[in-house]
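Report on the structure
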Amino acid sequence: MGKINAVRGTRDLLPPDTALWNFVEDTVRDVFRAYNFQEIRTPIFESTELFARGVGEETDIVSKEMYTWEDRAGKASDQLLEMLENIRETLGGSTEETLKYISSSKAQIEAEKWKAQSLTLRPENTAGIVRAYIEHKMWDRGLNKFFSIGPMFRRERPQKGRYRQFYQIDAEIIGPPSAGSESPARDAEILELLATLLDRVGIKDWTLELNSVGCPNDRVKFNEALRKALEPVVNKMCADCQRRATTNPLRVFDCKVPEDQPIIEKLPRISHFLDEPCSKHFEEVKGILKAVGVDFVENDRLVRGLDYYTRTAFEFTHGALGAQKAILGGGRYDGLSEALGGPAAPGIGFAIGEDRLVLSLSKSTEEATRTPDVYIAPLGEGMNREAARLARELRRSEKDLVVELGDESFRLKKSFEAADKVKARYILIVGENEVKADAFALKHLASGKQVTVPRAELAARISSK
Ligand code: AMP
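In short, a report on the structure. Source: prediction; values computed, not measured.

1. Let's talk about the sheet that holds strand β1 (residues 38–39)
If you walk across this open sheet you meet the 8 strands as β1-β5-β6-β11-β10-β9-β7-β8, and the pairing is mixed. What marks the edges here is a single partner per strand, and that holds for β1 and β8 (297–298). Judged from the 10 bridges that link them, strand β5 (residues 144–153) and strand β6 (residues 165–174) form a sheet pairing that is antiparallel. From the neighbouring strand, Met152 faces β6, where its bridge partner is Phe166. Seen against the sheet, helix α6 (residues 126–135) touches β5 and β6 and runs at an angle of roughly 40° to β6.

Right, here's the structure in full:
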């Protein structure tokens, strides 16, 4: 039979590489804790409408890249129908009104029963988190600081650093305006957190690109100016840009077609269209960043791919990534909650591409991998039991030991080879004589030095390097 491979654009993350992923996730969890962020986990699929409304129909993500399918709602409606039938039977002709109500509900459910519901694998996580914020009325908690780590799905052309299932580390600060969610102090806090996070995982030469995309009022004026400027040149641009020019001209700045860039370079700049409150907000974000010593460069072409962004928009880039140089992106989305049917809930957040973060690490897999402190080699029949007892003792000791366990059928030479292969520091021989004496031969593999150690002293001896 033919073999089955992973689907194009997806990949297996294998050891030892997964040690780097664990290192990244442990480190970011530590950083989030220090900034008082708490974890949120939302489903990996949501109703398609959430992304259509929360990300924007005109974005590449929604118009081209989503994994969407029709999911039949049949089972739930069957259960509902059964419930209604039970109620009808037990009521048995009591009030005419109730019976009529139940019958008409039944007819309605019957009609809707096989109507499909459109579902989508999440292409990003902000919309899902804001949906959860609204669903659970989390404004009661004041300012919410969430983080989340998990897979996202986009049908993009796969290449190095770009996958169809990839992982994002997200953070969002969201809450009612009265909780200070609009404050530029939050934007600066998020950006300073990111600088700390990248430093902590050991990524040094990053660049923070910063912009303000203003508020909806600014954008009406900016869009008008853009449309005007595009009119005489748009027929020289790519097909996508020609479409964007009429539907949502701001998206023209997403264009990557080289021939279009000289035209785009001459288009009006959002920085000239910010109103007084937006300019002040942006100045304050920059002021705090300077005060805490986080470097940035201003890039007023940075508009980000999503519709709900307002004011602060940013990207961190890293040269080592080549074409896919954005490690992370984020910004403010003050209007998103309302767009999803919720109350005013200004917010700011980011998504780090974990795949790209791991690709830009200078740490090696060897540095991130913990190899066994000891390989226990049972020698001869009946020794598996003794070795298992010892392994249990050592693994449960307070010395935080990594213990690998062999098999009594291995000859001594094979045990040594196995210990070498897993890069154990010590090998511990468990033979009949050792068990009788309750003292074991412990050999340091690099130096070849061997000592006999009483059972009670083993954990301490192995943990002392
Ligand atoms: P976005 O949600 O588009 O702002 O993306 C945020 C970050 O996720 C980007 O800066 C990338 O690092 C990462 N990212 C986006 N799309 C992909 C992909 N297809 N493969 C790997 N990483 C991605």
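2. A few points about helix α8 (residues 216–230)
With 15 residues, α8 extends 20 Å between its outermost C-alpha atoms, agreeing within 8% with the 21 Å of an ideal straight helix rising 1.5 Å per residue. For α8, the set of buried residues is Asp218, Arg219, Phe222, Asn223, Leu226 and Leu230. Down the axis of α8, the buried side of the element spans an arc of 130°, and every buried residue falls inside it. Residues of α8 that are exposed and point over 90 degrees away from its buried face: Asn217, Val220, Glu224 and Lys228. Looking at the packing, one finds that the buried side of α8 touches α9 (239–247), α11 (276–292) and β9 (310–318).

3. Some details on the sheet that holds strand β14 (residues 426–430)
Strand order in the open sheet formed by 5 strands is β13-β12-β14-β15-β16, with mixed pairing between adjacent strands. Each having just a single partner strand, β13 (403–405) and β16 (450–454) make up the two edges of the open sheet. Within this sheet the neighbouring strands show an average axis-to-axis angle of 25°, counted without direction. In this structure, strand β12 (residues 374–378) lies alongside β13, joined through 3 bridges in parallel fashion. Residue Tyr375 lies in a different strand from β13, and its bridge partner there is Glu404. On top of the sheet, helix α16 (residues 412–421) reaches β12, β14 and β15 (439–444); it is set at about 150° to β14, its chief contact.

4. Quick look at α9
When α9 is considered as a whole, its buried residues turn out to be Cys241, Arg244 and Ala245. The arc enclosing the buried residues of α9, seen along the axis, measures out at 105°, which places them on a common side. What points out from α9, more than 90 degrees from its buried face, is the exposed set Ala239 and Thr246. Along its buried surface, α9 packs onto α3 (60–65) and α8.

5. Comments concerning a nonpolar patch on the surface
A contiguous nonpolar patch, built from Ile44, Phe45 and Trp69 and spanning about 260 Å² of accessible area, is present on the exposed surface. When you line up the elements, Phe45 lands in strand β2 (residues 45–47). Judged by relative accessible area, Phe45 falls into the partly exposed class, the value being 44%.

6. Concerning the packing of aromatic side chains
Scanning the entire structure with this criterion turns up 10 aromatic pairs. Measuring from ring centre to ring centre gives 5.7 Å for Phe45 and Trp69, while their planes differ by 65°; the resulting arrangement is edge-to-face. Taken together, the residues Phe45 in strand β2 and Trp69 in strand β3 (residues 68–72) connect sequence positions 24 residues apart. Grouping aromatic residues by their ring pairs yields a cluster made of Phe32, Phe37, Phe147 and Phe350. For Arg155, the ring lying beneath its charged end belongs to Tyr67, and the centroid distance is 4.3 Å. Seen from the ring of Phe23, Lys363 lies directly overhead, with NZ or CZ sitting 4.4 Å from the centre.

7. Overview of the state of the cysteines
The bond known as a disulfide is covalent and runs between the sulfur atoms of two cysteines. Following the criterion strictly, the structure yields 0 disulfides and no others. Residue Cys215 stays outside any disulfide, its sulfur separated by 3.4 Å from that of Cys278, the closest cysteine. Between Cys238, a free cysteine, and Cys241, which holds the nearest cysteine sulfur, the sulfur-to-sulfur gap is 3.7 Å.

8. Some remarks on the pairing of β14
For β14, the tally of buried residues reaches 5 of 5 residues, placing the bulk of the element in the interior. Neither face of β14 is left uncovered, since the one carrying Tyr426, Leu428 and Val430 and the one carrying Ile427 and Ile429 both have all their residues buried. As paired strands, β12 and β14 are joined by 5 bridges and run parallel to one another. For Tyr375, the partnering residue across the bridge sits in β14 and is Ile427. Pairing analysis gives 4 bridges linking β14 to β15, with the strands arranged antiparallel. The partner of Ile429 across the bridge, within β15, is Ala441.

9. A short note on the pairing of β12
Most of β12 is tucked away: 5 of the 5 residues are buried. In terms of handedness, the path from β12 via helix α15 (residues 383–396) over to β13 forms a crossover that is right-handed.

10. Brief notes about unusual backbone geometry
Among all residues except glycine, the phi angle is most often negative; among peptide bonds, the trans geometry is most common. For the bond from Pro15 to Pro16, the omega torsion is 10°, close enough to zero to count as cis. Here Pro16 lies in the segment before α1 (17–34). One non-glycine residue, Lys423, adopts positive backbone phi at about 60°. By the secondary structure assignment, Lys423 is in the loop between α16 and β14. Unlike most non-glycine residues, Asp438 shows phi in positive territory, near 55°. Positionally, Asp438 belongs in the loop between α17 (432–437) and β15.

Parameters and conventions
- Residues numbered from 1 in each chain as written.
- Predicted model: local features only at pLDDT ≥ 70, side-chain atom pairs only at ≥ 80, totals over all residues.
- Heavy atoms only, no water.
- Pairing = 2+ DSSP bridges.
- Helix = DSSP H or I, 4+ residues; strand = E, 2+ residues; numbered from the N terminus.
- Contact = heavy atoms within 4.5 Å.
- Axes fitted to C-alpha atoms, helices over the stretch in contact; angles between N-to-C directions.
- Expected span 1.5 Å × (residues − 1).
- Buried < 20%, exposed > 50% of the residue type's maximum accessible area, 1.4 Å probe, protein only.
- Arc of directions from axis to C-beta.
- Patch = residues over 30% accessible without salt bridge, like charges linked within 9 Å, V, L, I, M, F, W, Y side chains within 5 Å.
- Areas by Shrake-Rupley, 256 points an atom, 1.4 Å probe, with all protein chains shown as cover.
- Salt bridge = Lys/Arg side-chain N within 4 Å of Asp/Glu carboxyl O.
- Phe/Tyr/Trp six-rings, centres within 6.5 Å; stacked < 30°, edge-to-face > 60°.
- Lys NZ or Arg CZ within 6 Å of the ring centre and 35° of its normal.
- Disulfide = S-S within 2.5 Å.
- Right-handed = clockwise from strand over helix to strand, strands pointing away.

Everything listed here is a matter of geometry and, on its own, says nothing about what the molecule does.
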